[in-house]
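Secondary and tertiary structure notes
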Amino acid sequence: MSDGEDLVSRARSIFARLRDDAERQDDPGAEASTNGTTTPGPQDAPDVDEQADRSDQAAVEYGAEPIAEISDQEADDAGVEGTEARGDPHAAAAPPVETPVEAPVEASSPDPGLVAVVPEPQAEEPALPERLVDPDEIAEPAAVVAESDTAAVPKPPRVLPRVLAVANQKGGVGKTTTAVNLGASLAELGYRVLVVDLDPQGNATTGLGINPRNVESSIYDVIMTGTAIEDAIEPTAVRNLFVVPATIDLAGAEIELVPAFSRELKLRRALDDAAGDFDFTLIDCPPSLGLLTVNGLAAATEVLVPIQCEYYALEGLGQLLKNVSLVQNNLNPRLEVSAIVLTMYDARTRLAEQVASEVREHFGEIVCRNIVPRTVRLSEAPSFGQPVIVFDSSSRGAIAYRELAKEVSGGAPQRTG
């Protein structure tokens, strides 16, 4: 055996002695053992005094310090506190007592009388996780997301009949295009739809294939002369879709209505007479906040606002909402903004995406999920006097307005009879 291995084995015996001394002091029956009472140990265990003498002799032989003068660091490593290793005279004076050696481990040593006991390693406590996770808690976020995801849940259907004013004080945002194609898509779903052209330009009239010069009565006659609205209704090429046309005479109605009695309620009274004949009435308001637009808001129960996906279209929206609030407080308490439709969306530009994001963030659920894209077919259809679902049924614009009609209707059942 080499000198290094022999030194290790003897050092282990020194630690065994220190451990035995510590156990004696911690044991309350240690004094009883000094009075002659000994505890029998294993048959092959040597006498403790003899072992101590041999350990001291071996320590001196190899140049080690006596046990009583062992360093504090070594005493701490051996797990001893307050013993003769720290120079306690009382502990050093304690007579040796024969004690059993637990689980002796024989070390290879040139002296067969030496027995080395290796201290048992202390079991490390298992590391606790930072936070105990409940298995049921893992599946909770998915359930919450499923309950909070209302994008795919259709809005509850409103009671028919419904009167919607398509209004925005800015021109060129798609009011007439929305009124014509949304009305045609609702009619395609089986609803009876009436489009009221309240714009002096008469674009909704020509967009549905009606020539203003060939009509006998128009919305001007209904508002100014009290003509029954049934006499001004014209059928279109789309089944279940009808229109009250506008003529150039409507351009002077703004001035003529100024001195009129109850001028804001002219259209409402006319529509009340035909309320039971149609499921949806769409009023195409002019691009202004004059008396014609006020008539349209006073006659409607809902406001549908088309917004072009450009920043100019957002500028007049605040003023429109103020006017809607004024009409609601003074003329029509049942009026509400029920839908905002994003139109002329160009996916190639970042601007359109930013406008759509800001509108959705500000107005929330009233912004329709379906967006109307900017397409050539939507621009070409009015020149043929047809809605886009007739002009090009498979175009992107036709598909967008069909989906928009399903969203606006909310799945309301068609009336029978």
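A brief look at the structure comes next. (Residues numbered from 1 in each chain as written. Predicted model: local features only at pLDDT ≥ 70, side-chain atom pairs only at ≥ 80, totals over all residues. Heavy atoms only, no water.)

Some points on the pattern of salt bridges
Tallying each qualifying case throughout the model produces eight salt bridges. Salt-bridge contacts for E310 lead to R374; the nearest nitrogen and oxygen are separated by 3.6 Å. Taken as a pair, E310 in the loop between strand 6 (302-308) and helix 14 (312-315) and R374 in the loop between helix 16 (350-363) and helix 17 (376-380) lie far apart in primary sequence, 64 residues in all. A relative accessible area of 40% means that R374 is categorised as partly exposed. A single network of salt bridges, built from pairs that share partners, joins R377, E380 and D392. (Salt bridge = Lys/Arg side-chain N within 4 Å of Asp/Glu carboxyl O. Helix = DSSP H or I, 4+ residues; strand = E, 2+ residues; numbered from the N terminus. Buried < 20%, exposed > 50% of the residue type's maximum accessible area, 1.4 Å probe, protein only.)

Notes on unusual backbone geometry
Both trends apply: most residues other than glycine have a negative phi, and most peptide bonds are in trans. Cis rather than trans, the peptide bond between L160 and P161 has omega equal to 0 degrees. For N240, which is not glycine, the phi torsion reads 70 degrees and is therefore positive. We note that M344 has phi near 55 degrees; this positive angle belongs to a residue other than glycine. Note on placement: M344 falls in the loop between strand 7 (336-343) and helix 16.

Notes on the side chain of K175
Inspection of the secondary structure assignment puts K175 in helix 8 (residues 175-188). For the buried K175, no salt bridge is present, and the opposite-charge side chain at shortest range is D284, 6.1 Å distant. Separated by 3.5 Å, the side chain of K175 and the backbone oxygen of N168 make a polar contact. In contact with K175, other than residues within four places in its own chain, are V166, A167, N168, K170, D284, C285, P286, P287 and P306. (Lys, Arg positive; Asp, Glu negative; His and termini not counted. Polar contact = N/O pair within 3.5 Å; in protein donor to acceptor, adjacent residues only side chain to side chain. Contact = heavy atoms within 4.5 Å.)

Notes on the sheet that holds strand 4 (residues 241-244)
The seven strands lie next to each other as 3-4-2-5-1-6-7, forming an open sheet whose pairing is mixed. If you trace the sheet from one side to the other, it starts and ends with strand 3 (234-235) and strand 7, each paired once. Where strand 6 meets strand 7, seven bridges bridge the pair, whose relative direction is parallel. Directly across from E302, in strand 7, lies its bridge partner E336. With respect to the sheet, helix 13 (residues 291-299) is in contact with strand 1 (162-166), strand 5 (280-284) and strand 6, its orientation differing from that of strand 1 by roughly 155 degrees. On top of the sheet, helix 19 (residues 396-409) reaches strand 1, strand 5, strand 6 and strand 7; it is set at about 125 degrees to strand 1, its chief contact. (Pairing = 2+ DSSP bridges. Axes fitted to C-alpha atoms, helices over the stretch in contact; angles between N-to-C directions.)

Observations concerning the nonpolar core
Of all hydrophobic cores here, the largest spans 50 residues; its most connected members are I219, V244, L271, I283, L297, I307 and V359. Looking at this core, the element that brings in the most residues is helix 16, giving five residues. Discounting residues that sit within four places of it in the chain, I307 has contacts with N168, A313, L314, L317, I340, V341, L342, T343 and V359. (Core = buried A, V, L, I, M, F, W, Y, C linked by side-chain atoms within 4.5 Å.)

Observations regarding the side chain of Q308
Examined against the element boundaries, Q308 turns out to sit in strand 6. By relative accessible area, which is 8% here, Q308 ends up buried. If near-sequence neighbours (up to four positions away) are discounted, Q308 is found in contact with K170, G172, V173, A313, T343, M344, V355 and R374.

Observations regarding the packing of aromatic side chains
Counted under the stated rule, the structure contains three aromatic pairs. With a centroid separation of 5.1 Å and 85 degrees between ring planes, the pair formed by Y191 and F280 is classed as edge-to-face. In this pair, Y191 sits in the loop between helix 8 and strand 2 (193-197) while F280 sits in strand 5, placing the two residues 89 residues apart along the sequence. In this pair, the class of Y191 matches that of F280, namely buried. Centre to centre, the rings of F242 and F278 are 5.7 Å apart; their planes meet at 65 degrees, and the pair counts as edge-to-face. Of this pair, F242 sits in strand 4 while F278 sits in the loop between helix 12 (266-272) and strand 5, placing them 36 residues apart in sequence. (Phe/Tyr/Trp six-rings, centres within 6.5 Å; stacked < 30°, edge-to-face > 60°.)

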